[in-house]
Amino acid sequence: MPETTRERLTSGGWKALEFGPFRDAVTIHWIRPFEGDQPGVALLKYEPGASVPRHRHEGLETILVLDGVQSDETGDYISGSYIVNAPGSEHSVWSDTGCLVLIQWDRPVKMLEGEIA
């Protein structure tokens, strides 16, 4: 798999990347999948109205909104927003307009509504 570079992400080159299924109306492009105790890094693309149900962070999660608006119970995050979710924190996520985020998880999250991701 070719390395996804910063230039491709910030210049809109992500639009040419292949995304696969993640959740209903949310797709994923893995930059670095989880391997051993290493964090996972990916792009998540939310279609307008898409959501991820309530989940708990088993490790640190960091998110950079690259396009659109991502929302959770604490607010709306526009393009350029940087979000840090501490281990043990819980929330659900949605995007009314659609968005693309760069996300890094130290550990996979535990879904509290439905299956484990």
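Check the entry above for the structure.
Summarised in this report is the structure supplied together with it. Since the model is a prediction, treat every value here as computed from it, not as a measurement.

1. Examining the packing of aromatic side chains
1) Next: Enumeration according to the criterion identifies four aromatic pairs in this entry.
2) Next: Arranged with centres 6.0 Å apart and planes meeting at 35°, the rings of Phe34 and Trp105 form a pair that is tilted. On the criterion of sequence distance, the pair formed by Phe34 in the loop between strand 2 (26-32) and strand 3 (40-46) and Trp105 in strand 9 (residues 99-105) is long-range, its members being 71 residues apart.
3) Next: When its relative accessible area of 30% is taken as the criterion, Phe34 is described as partly exposed.
4) Next: By relative accessible area, Trp105 is classed as buried at 7%.
5) Next: Three or more aromatic residues joined by ring pairs make a cluster, and in this case those are Phe22, Trp30, Phe34 and Trp105.

2. A short note on the nonpolar core
Generally speaking, soluble globular proteins have nonpolar side chains that are buried together.
1) Next: Leu44, Tyr46, Val101 and Trp105 are the most contacted members of the largest nonpolar core, which totals 18 residues.
2) Next: Of all the elements, strand 9 adds the most residues to this core, at four residues.
3) Next: In this structure Leu44 touches Phe22, Val26, Thr27, Ile28, Cys99, Leu100, Val101, Ile103 and Trp105, once residues within four positions along its chain are discounted.
4) Next: One finds Trp14, Val41, Leu66 and Leu100 within the second-largest nonpolar core, a separate group that totals eight residues.

How each quantity is defined
Residues numbered from 1 in each chain as written. Predicted model: local features only at pLDDT ≥ 70, side-chain atom pairs only at ≥ 80, totals over all residues. Heavy atoms only, no water. Phe/Tyr/Trp six-rings, centres within 6.5 Å; stacked < 30°, edge-to-face > 60°. Helix = DSSP H or I, 4+ residues; strand = E, 2+ residues; numbered from the N terminus. Buried < 20%, exposed > 50% of the residue type's maximum accessible area, 1.4 Å probe, protein only. Core = buried A, V, L, I, M, F, W, Y, C linked by side-chain atoms within 4.5 Å. Contact = heavy atoms within 4.5 Å.

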